[in-house]
Amino acid sequence: MSDHEIAAVQEHSGHVVHRDDEGSKMGMWLFLFTELLLFGGLFLLYGGYRFEYSEGFKAAAADMNVFIGMINTVILLTSSLAVALSIAALQENKKTLSMGLLWFTQVCGLAFLVNKYFEWSHEIHNGIYPGGPALENMSNGEVIYFGLYYTMTGLHGLHVIVGMIFIGFVMVFIQRDKITSTNYQKLENAGLYWHLVDIIWIFLFPLFYLLH
Amino acid sequence: MSEQGKEHAEHTSHHPTYGTYIMVWIGLVALTSITVTVAGIKLGSLTLITALTIATIKTLMVTYYFMHVKFDNRVIKIFILVCLIIFLILWILTFSDLSFR
Amino acid sequence: MSHTLAHNEVSFLEYQGKHKGIWGWLLTLDHKRIGIMYLVAILLFFFVAMTLGILMRLEMLTPGETIMKPQTYNSIFTLHGVIMVFLFIIPAIPAVFGNFILPIQIGAKDVIFPRLNLFSWYLYIIGGILAIISLFTGGGAADTGWTFYVPYSIRSAQNVSMATFAAFVLGFSSILTGINFIATIHRLRAPGMTWFRLPLFIWGLYATSWIQVLATPIIGITLALIILERMLGIGVFDPALGGDPLLYQHLFWIYSHPAVYIMILPAMGVVSEILPTFARKDVFGYKQIAISSLGIALIGYLVWGHHMFASGMSNTSRVVFSLLTFLVAIPTGVKIFNWVATLYKGSIKFSAPLYYVLAFIFIFSVGGLTGLVLGALATDVHVTDTYFVVAHFHYVMFGGMGIMFFATCHYWFPKVFGKMYNEKLAVIACTVIIIGFNILYFPMFIMGYMGMPRRYYDYLPEFQGWHVLSTVGSWILVSGIMFMFGNLFYALFKGTKAATNPWGGTTLEWRVPSPPPLENFDEIPVVTGGPYVHDKPTYIMHPSRELQHQNGGGKISQEVKSH
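In this text the structure is predicted, and so the values were computed from the model without any measurement. (Residues numbered from 1 in each chain as written. Chains lettered and ligands numbered in written order. Predicted model: local features only at pLDDT ≥ 70, side-chain atom pairs only at ≥ 80, totals over all residues. Heavy atoms only, no water.)

Re the overall build of chain B
Working step 1: Regarding its fold elements, chain B presents 4 helices and 0 strands.
Working step 2: Listing each helix as α and each strand as β along chain B from the N terminus yields α-α-α-α.
Working step 3: Residues counted as buried form 42% of the 101 residues belonging to chain B.
Working step 4: In chain B, of all internal contacts separated by at least 6 residues, the share reaching a separation of at least 24 is 67%. (Helix = DSSP H or I, 4+ residues; strand = E, 2+ residues; numbered from the N terminus. Buried < 20%, exposed > 50% of the residue type's maximum accessible area, 1.4 Å probe, protein only. Contact = heavy atoms within 4.5 Å.)

Overview of a positive patch on the surface
Working step 1: A surface patch of positive charge is lined by A:Arg176, A:Lys178, A:Lys186, C:Lys18 and C:Arg115.
Working step 2: A:Lys186 sits in the partly exposed class, given a relative accessible area of 48%. (Patch = residues over 30% accessible without salt bridge, like charges linked within 9 Å, V, L, I, M, F, W, Y side chains within 5 Å. Areas by Shrake-Rupley, 256 points an atom, 1.4 Å probe, with all protein chains shown as cover. Salt bridge = Lys/Arg side-chain N within 4 Å of Asp/Glu carboxyl O. Lys, Arg positive; Asp, Glu negative; His and termini not counted. Charge placed at Lys NZ, Arg CZ, Asp CG, Glu CD.)

Observations concerning the interface of chain B and chain C
Working step 1: With 17 residues of chain B at the contact, the number on the chain C side is 25 residues.
Working step 2: Together chain B and chain C conceal approximately 1,700 Å² of surface at their shared face, both sides included; 74% is due to carbon and sulfur atoms.
Working step 3: Among the ionic pairs, B:Arg101 bridges to C:Asp244, the shortest N-O distance being 3.0 Å.
Working step 4: Joining chain B to chain C, the criterion identifies 6 residue pairs in polar contact (both at pLDDT 80 or more).
Working step 5: Only α1 (2-12) and α4 (74-98) of chain B provide two or more residues apiece to the side of chain B that touches chain C.
Working step 6: Class assignment for the residues of the side of chain B that touches chain C results in 11 nonpolar, 3 polar and 3 charged. (Buried area = accessible area lost by both parts, 1.4 Å probe. Polar contact = N/O pair within 3.5 Å; in protein donor to acceptor, adjacent residues only side chain to side chain. Nonpolar A, V, L, I, M, F, W, Y, C, P; charged D, E, K, R; others polar.)

Regarding the packing of helix α3 (residues 31-59) of chain C against helix α18 (residues 464-494) of chain C
When two helices pack together, their arrangement is captured by the angle between the axes and the distance separating the axes.
Residues and elements named next belong to chain C.
Working step 1: For the pair α3 and α18, interaxial distance at closest approach is 9 Å and the crossing angle is 155°. Viewed along their axes, α3 and α18 adopt a mutual orientation that is roughly antiparallel. The element α3 and its partner α18 pack so that their crossing is left-handed. Residues Leu43, Phe46, Phe47, Met50, Ile54, Arg57 and Leu58 of α3 form the contact with α18, whose participating residues are His467, Ser470, Thr471, Ser474, Trp475, Val478, Ile481, Met482 and Phe485.
Working step 2: Here the contact of α3 with α18 is built from residues that sort into 11 nonpolar, 4 polar and 1 charged. (Axes fitted to C-alpha atoms, helices over the stretch in contact; angles between N-to-C directions. Parallel < 35°, antiparallel > 145°, perpendicular 65-115°, else oblique. Left-handed = near helix turned anticlockwise from the far one by under 90°.)

Remarks on the interface of chain B and chain A
Working step 1: On the chain A side, the residues contacting the 47 residues of chain B number 52 residues.
Working step 2: Together, the buried faces of chain B and chain A total about 4,500 Å²; carbon and sulfur atoms form 76% of this surface.
Working step 3: Linking chain B to chain A there are 1 salt bridge.
Working step 4: Note that A:Lys25 is salt-bridged to B:Asp72, the shortest N-O span being 2.4 Å.
Working step 5: For the side of chain B that touches chain A, the secondary structure elements donating two or more residues are α1, α2 (18-40), α3 (46-66) and α4 of chain B.
Working step 6: With 12 residues, the single largest contributor to the side of chain B that touches chain A is α4(B).

Some thoughts on the nonpolar core
Soluble globular proteins tend to bury their nonpolar side chains together.
Working step 1: Ranked by internal contacts, the top residues of the largest apolar core, which has 309 residues, are A:Phe33, A:Tyr49, A:Leu148, C:Phe360, C:Met404, C:Phe405 and C:Phe406.
Working step 2: Those residues in contact with A:Phe33 that sit more than four places away from it in its chain are B:Phe79, B:Ile80, B:Cys83, C:Trp210, C:Val213 and C:Leu214. (Core = buried A, V, L, I, M, F, W, Y, C linked by side-chain atoms within 4.5 Å.)

A word on the environment of C:Val150
All names here are of chain C.
Working step 1: By secondary structure assignment, the location of Val150 is in the loop between α5 (114-136) and α6 (152-155).
Working step 2: Once the C-alpha coordinates of Val150 and Gly285 are considered, the two residues, 135 residues apart in sequence, prove to be 45 Å apart.
Working step 3: Not counting residues within four places of it along the chain, the set of residues in contact with Val150 comprises Ile226, Phe237, Pro245 and Tyr248.

A few points about the environment of C:Leu223
Working step 1: Assignment of secondary structure puts C:Leu223 in helix α8 (residues 200-232).
Working step 2: According to the relative accessible area criterion, C:Leu223 is buried, its value standing at 1%.

Describing unusual backbone geometry
Working step 1: With omega at -5°, the peptide bond leading from C:Val150 into C:Pro151 counts as cis.
Working step 2: Tracing the sequence through the fold places C:Pro151 in the loop between α5 and α6.
Working step 3: Between C:Ser514 and C:Pro515 the backbone carries a cis peptide bond, its omega angle lying at -15°.
Working step 4: Note on placement: C:Pro515 falls in the loop between β2 (496-497) and β3 (526-527).
Working step 5: Positive phi is not limited to glycine here, since B:His68 has a value of about 65°.

Side note on the pattern of salt bridges
Working step 1: Per the stated rule, a full pass over the model turns up 12 salt bridges over all chains.
Working step 2: A:Arg19 is the partner of A:Asp21 in a salt bridge, and the nearest nitrogen-oxygen pair spans 2.9 Å.
Working step 3: Measuring nitrogen to oxygen at the nearest pair gives 3.8 Å for the salt bridge that ties C:Arg454 to C:Asp385. Highlighted residues: C:Arg454 in the loop between α17 (423-450) and α18 and C:Asp385 in the loop between α14 (377-383) and α15 (387-411), separated in sequence by 69 residues.
Working step 4: When its relative accessible area of 16% is taken as the criterion, C:Arg454 is described as buried.
Working step 5: One continuous salt-bridge network, built from bridges that share partners, spans B:Asp97, B:Arg101 and C:Asp244.

Here it is as structure tokens:
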């Protein structure tokens with residue numbers, strides 16, 4: 001065994017807590033898989049019902065405001081870019097730039113939620129909600145469409161909020177220099193989570209807004 | 001253990017530059033506008049397929065560049081593949097029921 | 001180094017950390033203490049569910065009302081199922097012994113995310129408490145069966161929402177344990193511990209953890225949808241609004257069938273540990289057993305539809321799922337044959353854990369083979385939803401996982417608590433359990449074949465003879481179980497002190513003191529060979545001392561690398 005390896009063994013057995021960025025990233029990815037499959041169950045339901053009620057789904061989706069959906073897509077894509085850039089900035093030790101980009105991400109997340117709020121309240125105002133008056137005159141397909149719409153965008157919205165909280169904690173850590181240019185795995189994990197939220201929206205958008 | 005050392009070296013060095021990220025973002029926004037435009041055209045059953053294809057391409061771009069999978073080691077890539085295969089199996093077997101009922 | 005040794009002389013049970021007394025447990029990050037906390041909680045729930053089981057059997061002693069009303073009976077079989085499945089069978093071996101043994105067997109000081117580990121224990125406790133609260137609040141205990149099938153589960157006036165929420169929280173706990181184990185096995189193996197030098201218990205846990213991560217979220221969202229459906233009426237599972245109950249069944253079994261393998265894979269892993277230890281020889285077909293664990297996990301995802309043969313699924317799907325179901329027999333057969341071959345020409349030392357393993361091989365084979373009867377489309381239609389199914393899954397779940405949990409409790413008892421139990425009494429208890437088990441469940445095969453439907457409160461007089469026999473079996477079984485735990489409990493206080501390696505085991509946990517010290521090892525060991533080599537040591541426990549002795553230790557370094 002070479003000196004180098006013996007040193008490594010000794011280091012490994014020492015009492016110093018040994019940081020494992022790769023392990024931390026692996027844990028995060030495994031967690032993302034569970035998120036993916038959580039939504040996966042809903043996507044599978046969506047697939048089944050769209051197959052069964054394709055006409056009802058189209059009729060229901062006609063009410064959707066494609067423009068707001070598209071704006072929200074661009075907002076999330078831009079926020080994802082900002083997170084990716086903030087990691088690059090932190091790696092180059094540009095703390096202020098990194099923090100600025102994360103603030104921008106938070107603003108994007110908030111804008112997304114505000115849009116979502118207006119969309120939901122518009123529909124609820126028109127009586128379109130589970131058990132609402134407008135749904136009573138609709139076909140089964142339309143009822144299910146809106147059931148899934150509220151569940152899936154609602155769950156996604158919840159994930160946006162969680163992602164913002166996650167990034168918020170990371171920002172505090174950066175401010176206190178707990179996350180630095182050499183120790184940035186937490187930021188990267190928050191980024192991974194945020195990108196996953198983005199990816200889910202990438203699928204939700206065409207599935208709920210673009211049916212013609 | 002030498003493997004572990006190598007991973008660490010990879011980890012810190014090459015991440016994409018700001019320029020690459022911005023190019024990817026431009027691509028993503030472009031694909032979004034394409035998918036909206038295409039959805040306006042009456043393509044029948046192709047609408048769903050094009051929408052899903054474009055969404056998949058966008059997802060690949062996000063995972064590959066924004067999520068740094070391009071620079072990750074093989075283990076993470078295999079993990080992702082396993083997860084996707086399982087997910088695909090669920091679809092195929094569920095539809096073996098739904099489409100023949 | 002001397003400082004380290006002194007620190008490690010104290011076992012994890014006696015070690016005084018920052019927090020004292022009960023807080024030393026409730027706030028601990030030590031994987032061994034968390035494992036024991038799981039053990040305490042899991043045993044508590046096991047006894048609750050077992051009591052419910054006895055009450056059910058007692059009710060079935062005579063036709064009509066014996067000791068309870070039909071509604072109570074419905075709630076009791078639901079709770080028996082929910083508690084046994086979600087609070088006992090799924091977490092028992094991975095959460096208790098996985099937590100305790102996994103880091104030691106791979107040569108690590110702890111799991112990779114100790115805080116997450118503790119968090120996952122708290123989620124388990126919260127889930128358990130919610131399940132118990134659901135009994136006394138709302139409309140009373142859920143009466144849907146543990147499967148929560150729609151549309152009944154969205155119409156039932158009982159407190160289904162809280163019971164499903166409890167299962168949701170428990171699922172989350174299970175996911176976090178799975179994530180922790182996968183990352184630990186990937187990142188914290190000791191130097192030289194290559195994939196094919198991992199003990200087979202670790203392979204079992206690895207496969208299990210993947211199922212936990214990739215299947216549990218599906219049940220999470222499905223149960224969440226039931227709650228939403230009950231509260232808001234979103235329509236996705238309500239036939240009145242166009243929902244499809246069969247899609248619910250698909251989603252439910254997409255998780256719950258792989259979950260069957262969450263239950264059995266760790267148990268099979270323990271079988272592969274106990275056999276080479278007591279047969280005094282290397283396990284036969286190491287790689288095949290290891291890979292078959294992954295094979296079972298994968299095939300577990302392909303067969304869920306066999307729970308739905310009689311539910312109105314498409315004929316194509318029924319044939320496909322029936323065909324795929326038979327594939328499970330292949331990796332399972334590989335394991336069984338390899339285990340039996342391991343015993344061949346071994347110098348077998350009969351001992352309580354080995355008796356349990358032999359019983360397991362027999363009972364699990366009966367369960368597995370009757371599973372083929374259910375997997376075959378035509379015969380399934382005849383026996384579906386009868387006692388035949390009940391008998392089958394008690395043979396595989398209780399006979400498989402339950403019996404192996406008892407075996408595990410004996411096998412690792414000296415390691416965990418540092419005490420020896422009374423061997424003779426343990427063997428007697430084992431015998432009583434096996435006899436009681438078969439008297440309890442075997443008549444159910446016959447009743448089921450004759451047409452006795454499951455989950456019925458009442459039955460025709462012609463079944464009474466079998467029901468009486470079965471109920472008597474339940475009394476024998478329970479006496480055996482109480483006797484067994486009594487013996488272990490007595491040993492906890494009065495047992496003789498256990499040696500480091502009382503069984504002559506070859507894996508790493510038998511190289512550290514019983515009970516192990518706080519961080520398991522003074523120094524991370526170096527691994528130089530396979531896990532079940534009996535004739536020469538395959539671990540260097542103090543590499544910094546031993547390797548320097550050997551003047552560079554070039555030979556070992558080569559051995560470490562060569563695999």
